[in-house]
Every structure is written in C-alpha cells, then in structure tokens.
Amino acid sequence: MEMKDNMKKKLKLKVSAIKDGTVIDHIPAKNLFKVISILGLDKIENQITFGTNLDSAKLGAKAIIKVSDKFFEDYEINKIALIAPHAKLNIIKDYEVAEKKIVEIPERIKGIAKCFNPKCITNHEVITTCFKVIKTDPIALKCRYCEKITAEDQIKML
C-alpha cells in the first residue's frame, strides 16, 4: 500500500512547484492555448509552466498553468470561466496554497467577448459588449444590443 502511495506522489510531481503566484488547474486540454492567449500570458515576462493532456478523472485530459508572481483580477477570472468553466485557481504564497478560487460564470459578461452577429452595433461602433449568460453548459450568451445568441463554440475574445 505504501509503495502505491509513493508511486502516486511521484506521478503527480510532473510540474514543479512555484514560490508565489497562481496555479490554474482543470482546464480542458483543448483550451490550454486559448487560456494562455486571453490572459496575455504569451506577452508577460513571469515564469510560466504549463502541462497538457494530463490525466483527469473529471475531464479525461486536462491542462494546468502555473504563473509565478501573478495574481489574477476578477475580470481575468471571468475570461477563464468562458472557456474553462470548471477551472480551479490556487493562490500560492511561500510554496503553500493560501487560497482556492473556483471559477464561476457570472450572470453578465461585459467587455470580454465579441458578439457573434456581424451586424451587431458592437462590431461597428466603439461600444462595450454586454451579454447575459442564458445557459452555462454549454455556455450561451445573449447580446444586450442585438439579442442574438452566441454559442460556446462561437465565442471570440476581444
């Protein structure tokens, strides 16, 4: 039994620990690079470690991102919720989990996503987009201006 537990621990240590920062876990593997892109992680100088296609009982295959010395604001977490609604954030301080945050899809999405309707005023004028979340699994957003529904697979980030 003890040998089995040691083996599990060794298997879990596929990604190194960080001293301070944020770990985003339970990202669907296919959405890893979307999360990296929408958070602008490809443009920052912080140390970033990510893994994809890791085993997950819930998702089958998951991805994980570890970002040193970065703590995300609520609007950034809302972006994560749109493409990884079951993600979990662990705030790390001095190598320990100081706080856990569960990503939740808010009732309204403002200024994050683009309306799917090419005729929508938000695609032609300088207007902040605003959607009401009408469904969460899969995600469906109703535009405040044109009332068209943007489905999960049609969501484009601004």
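Small disclaimer: the values here were computed from a predicted structure and weren't measured. (Residues numbered from 1 in each chain as written. Predicted model: local features only at pLDDT ≥ 70, side-chain atom pairs only at ≥ 80, totals over all residues. Heavy atoms only, no water.)

Caption draft 1: Expanded view of the side chain of Glu 76. Within the element layout of this structure, Glu 76 appears in helix α3 (residues 74–83). With a relative accessible area of 8%, Glu 76 lands in the buried category. (Helix = DSSP H or I, 4+ residues; strand = E, 2+ residues; numbered from the N terminus. Buried < 20%, exposed > 50% of the residue type's maximum accessible area, 1.4 Å probe, protein only.)

Caption draft 2: Representation of α3. Taken across its 10 residues, α3 has seven buried, putting it largely inside the fold. The complete set of buried residues in α3 reads Glu 76, Ile 77, Lys 79, Ile 80, Ala 81, Leu 82 and Ile 83.

Caption draft 3: Main features of the packing of aromatic side chains. Summed over the entire model, instances satisfying the criterion amount to one aromatic pair. With 5.6 Å between their ring centres and 80° between their planes, Phe 33 and Phe 50 make a pair best called edge-to-face. A residue pair is termed long-range when its members are at least 10 positions apart, and Phe 33 in helix α2 (residues 32–38) and Phe 50 in strand β2 (residues 48–56) qualify at 17 residues. Sitting over the ring of Phe 71, Lys 93 keeps its end group 5.6 Å from the ring centre. (Phe/Tyr/Trp six-rings, centres within 6.5 Å; stacked < 30°, edge-to-face > 60°. Lys NZ or Arg CZ within 6 Å of the ring centre and 35° of its normal.)

Caption draft 4: Inspection of the sheet that holds β2 at higher detail. Across the sheet, five strands lie side by side as β2-β3-β1-β4-β5; this open sheet has antiparallel pairing. Both edges of this open sheet fall to β2 and β5 (96–102), since each of them pairs with a single strand only. Within this sheet the neighbouring strands show an average axis-to-axis angle of 20°, counted without direction. With six bridges connecting them, strand β4 (residues 88–93) and β5 associate as antiparallel partners. (Pairing = 2+ DSSP bridges. Axes fitted to C-alpha atoms, helices over the stretch in contact; angles between N-to-C directions.)

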